[in-house]
Amino acid sequence: MKKFLFFLLIAAFIVSIAVASTEEGKQIFESKCNKCHELERALSKSKDLAAWKSTTLRMSRYSGGAITEKDAEAVAEYLAGKEKSGKIVIPEKESDNKEKSIEKKAGFDFKKVSVEQFIKPEVCADCHSEIFKQWNGSMHSKAFVDPIWQKATKLFNKEVTTNDQILEMQACVKCHTPLGFRSYSITSPADDYDKLSYLPAQGIFCNWCHNINEVKHLGDAGYEVAAGSGEEKPSIMLGPYKDSDSPYHPTKYSELHTKSDFCGLCHNVSHAGNHMPIEQTYNEWKNSPYNTGKFETTVNCQDCHMRQKPGIPSTGKTKRPDNPGKACDMGPDREHVWTHYFVGGNAIVTKLLGSEMHAQMAVERLQNAADLELIKNSSYKKNALSFIRVKVINSGAGHYLPTGLTEVRQMWLDVKITDAKGKILLRSGGLDEKGSIDKDAVIYHTKLGNEKGEVLNVALADRVLYDHRIPPKGYMIESFAFYIPDAAVSPFNVEVNLKYRSSSQELARVLLGEKAPEIPVINMATISEKIIF
């Protein structure tokens, strides 16, 4: 009996120590771990003691002494011993049928990955909070959930019939949710977009870009990624710094991430079936004066698009200053940290999805991309046909204006000439009550087609019918004729605006219905002058 009581006391003592240790771990967890991490995320996870020790000891080394190894072990015991709550995450099942549905043709021959191999952006935010804020709300982060893209691909997918056309629709998904596509979670716009899980729906996210380690060919997502094993065993993060060091994930310098070639992996698009060039932003840059062939003088994509901040557009015609700060919250001060706003010319989608900041930055970029000049005749007379010429200069973009999906984008000249009493002598480029541009306006865009004529659906196109755009550091001169009647009062006033919008209002209504939001029209450049006659 005495022996039994002795062992009972020993057991009680051990239990009391364990309870005390667990309670101590809880206190440390709640008072210290929340300095860098969201506690709810850790509480929702289900791991054994060994896995938790691996995690907490790693965080201890990263805390700079704020959490000791003893503290870390106590936290691990608390997290491993707590009653698990929250929803159970069921791993996605890969579909053999989906895998078979993706043809292994050029542009589709890649290594299969799984969603569980990658890390959510919110995890990256724990240590890279400023960079996460910049990315979150960007077009990269909204590449898949973009409502205009979703509606367009759903609509266009209903029209495809041939294998080439089907391939092109698959390619849309391949680029806008690369993890979704390469994990075979989604194969084409025919799938249910709403069923895609959280991480693939984040579009172009941190752990994806910083895992790109192999270039197979430029354009059409011709790369491979070196995936890790999720949060517990992250992959090597590739980036632009040679001295990066992290206790959470391995790091390695990547020259690729510092060059335009990295952007060209995705921002050079050809039709997946017939190989017709569609979006050639990288090639436009490659063949431009910005690419000198010398490291010291070349202006790469990153030098504009990853230096921009609110109020600092960083285009080819503005200053592109360094952005001093920290790439990692607890890392060293750096002379320049590449920004991750990834702003182009889209001022509608980011605003629709909640980021006024990214929308305003798109406006700032557009307003610093071009210039206008008036070229006048030597004299103007009444009762005579007169001319005014407008020189449109691509002074700030390292690619054509416009670029990207240029059969949808609209950049045009809005020209108005009036006499001293306000009588209109010429009007070109105005909008009607439905938001449509005057049919005789000078519009900078492309038109795609096939044997039947012009088409808007990229998948159906096999030729470029028309391309009227302005190359980087190039210009075009447009001529406008007008008549000065005898009753006209001198001087006359010429006002020219270069305008831009991401798509026509008509297309927005087709995709989003009659209650579609108004597509913002941005004045890129303005010039006016009074001329005596």
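Because the structure is a prediction, the values reported are computed rather than measured. (Residues numbered from 1 in each chain as written. Predicted model: local features only at pLDDT ≥ 70, side-chain atom pairs only at ≥ 80, totals over all residues. Heavy atoms only, no water.)

### Structural notes on the environment of Asn268
Looking at where Asn268 falls in the secondary structure, it is placed in the loop between α12 (260-264) and β5 (269-270). What Asn268 contacts, discounting residues up to four positions off in sequence, is Gly219, Asp220, Glu279, Gln280, Thr281, Tyr282 and Asn283. Of the polar contacts made by the side chain of Asn268, one reaches the backbone nitrogen of Asn283; its length is 3.1 Å. (Helix = DSSP H or I, 4+ residues; strand = E, 2+ residues; numbered from the N terminus. Contact = heavy atoms within 4.5 Å. Polar contact = N/O pair within 3.5 Å; in protein donor to acceptor, adjacent residues only side chain to side chain.)

### Remarks on the pattern of salt bridges
Close approach of charged atoms allows side chains with opposite charge to pair. Taken as a whole and judged by the stated rule, the model has 14 salt bridges. Residue Asp303 pairs with Arg307 through a salt bridge whose shortest N-O separation is 3.6 Å. Overall, the relative accessible area of 15% leaves Asp303 in the buried class. Asp414 is the salt-bridge partner of Lys499, the closest N and O atoms lying 3.0 Å from each other. Residue Lys499 is located in strand β17 (residues 492-501), and its partner Asp414 is located in strand β11 (residues 410-418); the two are separated by 85 residues in the primary sequence. (Salt bridge = Lys/Arg side-chain N within 4 Å of Asp/Glu carboxyl O. Buried < 20%, exposed > 50% of the residue type's maximum accessible area, 1.4 Å probe, protein only.)

### Notes on a nonpolar patch on the surface
A cluster of nonpolar residues, Val145, Leu352 and Leu353, forms a patch on the protein surface that exposes about 190 Å² of accessible area. Topologically, Val145 is positioned in the loop between α7 (129-135) and α8 (147-157). The class of Val145 is partly exposed, set by a relative accessible area of 31%. (Patch = residues over 30% accessible without salt bridge, like charges linked within 9 Å, V, L, I, M, F, W, Y side chains within 5 Å. Areas by Shrake-Rupley, 256 points an atom, 1.4 Å probe, with all protein chains shown as cover.)

### A closer look at the confidence of the model for the protein chain
On average, residues of the protein chain score 89 in pLDDT, and 85% of them reach the 70 mark or higher. Here residues 4-19 is a poorly scored stretch, pLDDT under 50, and it has 0 contacts once near neighbours within four places are set aside; other chains count. Counted against residues more than four places away or in other chains, residues 83-95, with its pLDDT under 50, gives 16 contacts. (pLDDT = per-residue confidence, 0-100.)

### Some points on the packing of aromatic side chains
In the structure shown here, the tally under the stated rule is 16 aromatic pairs. When the centroid spacing of 5.9 Å and the interplanar angle of 40° are considered together, the rings of Phe132 and Trp135 count as tilted. Of this pair, Phe132 and Trp135 both sit in helix α7, separated by 3 residues, roughly a single helical turn. One exposure class covers both Phe132 and Trp135, and it is buried. Clustering of aromatic rings is evident, with ring pairs tying together Phe108, Phe110, Phe181 and Tyr184. The aromatic ring of Tyr223 is capped on one face by Arg182, whose charged end is 4.3 Å from the ring centroid. (Phe/Tyr/Trp six-rings, centres within 6.5 Å; stacked < 30°, edge-to-face > 60°. Lys NZ or Arg CZ within 6 Å of the ring centre and 35° of its normal.)

### Remarks on the nonpolar core
Counting residues in each nonpolar core, the largest one holds 39 residues, and the members touching the most others are Ile388, Leu413, Ile417, Phe482, Phe492, Leu498 and Met524. For this core, the secondary-structure elements that each account for two or more residues are α16 (356-366), β9 (371-376), β10 (384-393), β11, β12 (424-428), β16 (475-484), β17 and β18 (522-531). Discounting chain neighbours no more than four positions away, the residues touching Ile417 are Ile388, Lys423, Ile424, Leu425, Leu426, Phe482, Phe492, Asn493 and Val494. (Core = buried A, V, L, I, M, F, W, Y, C linked by side-chain atoms within 4.5 Å.)

### Quick look at the pairing of β10
In terms of strand pairing, β9 meets β10 through 6 bridges, oriented antiparallel. Bridge assignment links Asp371 to a residue of β10, and that residue is Ile393. (Pairing = 2+ DSSP bridges.)

### As for unusual backbone geometry
The omega torsion of the bond from Leu401 to Pro402 falls at -10°, within 30 degrees of zero and hence cis. Note on placement: Pro402 falls in the loop between β10 and β11. Omega for the bond connecting Ser490 with Pro491 falls within 30 degrees of zero, at 0°, which places this linkage in the cis form. Locating Pro491 in the fold gives a position in the loop between β16 and β17. You will see that Tyr184, though not glycine, has its phi angle at about 60°, which is positive. A positive phi angle is found at Ser314, which is not glycine, with a value near 50°. Assignment of secondary structure puts Ser314 in the loop between α14 (301-305) and β7 (325-326).

### Side note on α16
Among the 11 residues of α16, 8 are classified as buried, and the element is accordingly described as predominantly covered. Of the residues making up α16, those classed as buried are His358, Ala359, Met361, Ala362, Val363, Glu364, Arg365 and Leu366. Where the residues of α16 are buried, they touch α7, α14, α15 (349-352), β17 and β18.

### Points about the environment of Ser254
Within the fold, Ser254 resides in the loop between β4 (251-253) and α12. Given the relative accessible area of 8%, Ser254 is considered buried. Considering only alpha carbons, one finds Ser254 and Asn213, 41 residues apart in sequence, at a separation of 8.2 Å. Here Ser254 is in contact with Leu238, Gly239 and Pro240, once residues within four sequence places are set aside. A distance of 2.7 Å separates the side chain of Ser254 from the side chain of His257, its partner in a polar contact.

### Observations concerning the packing of α8 against helix α9 (residues 163-176)
In the contact formed by α8 and α9, the axes pass within 10 Å of each other and the chain directions differ by 160°. In terms of their interaxial angle, α8 and α9 are classed as roughly antiparallel. Considering only the axes of α8 and α9, their crossing is left-handed. Residue-level inspection shows Trp149, Thr153, Phe156 and Asn157 of α8 in contact with α9, the latter providing Met169, Cys172, Val173 and His176. (Axes fitted to C-alpha atoms, helices over the stretch in contact; angles between N-to-C directions. Parallel < 35°, antiparallel > 145°, perpendicular 65-115°, else oblique. Left-handed = near helix turned anticlockwise from the far one by under 90°.)

### Here we look at the side chain of Asp419
Take Asp419: it is sitting in the loop between β11 and β12. Of the side chains with opposite charge, Lys423 comes closest to the buried, unpaired Asp419, at an N-O distance of 7.0 Å. Among the polar contacts listed, one links the side chain of Asp419 to the backbone nitrogen of Lys423, at a separation of 2.8 Å. Residues in contact with Asp419, not counting those within four places in the same chain, are Leu425, Ala487, Ala488, Val489, Pro491 and Phe492. (Lys, Arg positive; Asp, Glu negative; His and termini not counted.)

### Digging into the state of the cysteines
Summed over all chains, the structure comprises 0 disulfides. Not engaged in a disulfide, the cysteine Cys301 finds its nearest cysteine sulfur in Cys263; these two sulfurs lie 4.2 Å apart. Look at Cys301 and you get buried, because its relative accessible area is 18%. Of the cysteine sulfurs around Cys328, a residue in no disulfide, the closest is that of Cys127, at 5.0 Å. For Cys328, a relative accessible area of 14% gives the class buried. (Disulfide = S-S within 2.5 Å.)

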